Amino acid sequence: MSKYPAATREDHDDFCVAEKWQLVRGASGQPVRHHRTYELALWDGQILRTRISRPVDRSTYSAGMWTHILRTQLAVDAEAFWACVREKKLPDRGAPETVTQREPLPLYLVRALNELGVEESESLALTAAEAAQLLSEKMAERYGHQRSS
């Protein structure tokens with residue numbers, strides 16, 4: 001016997017709401033009618049999609065169906081699912097701790113630096129302020145010497 005109860009459609013929905021899955025809308029802009037359909041975009045570009053048959057109620061899933069939903073649609077184990085439903089503890093989606101959000105470098109800076117001999121990989125490792133400073137230095141090197149000639 002499992003240490004977790006049989007999951008219901010309502011539990012499934014509570015999980016999606018707690019993890020902030022987006023409700024999928026049809027062509028008319030209204031929620032899909034035959035199933036409640038959710039999507040979740042992950043940090044690595046994957047998009048998870050799950051469907052909950054209507055009505056979203058206390059109807060339970062069969063063990064086999066629930067195992068399939070956990071593995072292929074929600075991509076979590078039972079422990080992570082129930083921690084999210086009961087305690088609102090979000091599942092670990094494996095995002096590396098080294099992933100940091102930084103502001104993208106403007107394309108004009110990348111192109112200008114490239115024209116002055118800076119490799120794209122080198123310029124993309126810079127912040128916008130660092131790239132602007134490097135551009136200023138490279139332009140001074142190139143054009144500053146031409147004026148004095």
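What you see is a predicted model, and the numbers here were worked out from it, not measured in a lab.

Definitions and cut-offs
- Residues numbered from 1 in each chain as written.
- Predicted model: local features only at pLDDT ≥ 70, side-chain atom pairs only at ≥ 80, totals over all residues.
- Heavy atoms only, no water.
- Core = buried A, V, L, I, M, F, W, Y, C linked by side-chain atoms within 4.5 Å.
- Buried < 20%, exposed > 50% of the residue type's maximum accessible area, 1.4 Å probe, protein only.
- Helix = DSSP H or I, 4+ residues; strand = E, 2+ residues; numbered from the N terminus.
- Contact = heavy atoms within 4.5 Å.
- Pairing = 2+ DSSP bridges.
- Salt bridge = Lys/Arg side-chain N within 4 Å of Asp/Glu carboxyl O.

This next bit is on the nonpolar core. For soluble globular proteins, the rule of thumb is that nonpolar side chains tend to be buried together. Core analysis: the largest hydrophobic core is formed by 21 residues, its most contacted members being Phe15, Trp21, Trp66, Leu74 and Phe81. When residues of this core are traced back to their parent elements, those giving at least two are α1 (9–18), β2 (35–41), β3 (47–53), α2 (63–74) and α3 (78–87). With near-sequence residues (within four places) excluded, Phe81 lies in contact with Asp11, His12, Phe15, Trp66, Leu70, Leu74 and Val76. By size, the runner-up hydrophobic cluster in this structure holds 10 residues, among which are Leu105, Val110, Leu113 and Leu126.

Relative to β2, strand β1 (residues 22–23) runs antiparallel, the two being bridged by two bridges. Considered in β2, the bridge of Gln22 is made with Glu39. Sheet topology note: the β2/β3 ladder contains seven bridges and is antiparallel. When the sheet's bridge partners are listed, Leu40 is paired in β3 with Leu48. The hairpin turn running from β2 into β3, its antiparallel successor, is five residues long, and Gly45 in that turn takes a positive phi close to 100 degrees.

On to the pattern of salt bridges, then. All chains considered together, the criterion is met by five salt bridges. One salt bridge connects Asp13 with Arg36, and the closest N-O pair in it is separated by 3.0 Å. Of this pair, Asp13 sits in helix α1 while Arg36 sits in strand β2, and the two are 23 residues apart along the sequence. Judged by its relative accessible area of 9%, Asp13 is buried. Here the salt bridges do not stand alone but share partners, grouping Glu10, Asp11 and Arg58 into one network.

Keep in mind that these numbers describe shape and distance, not what the molecule does.
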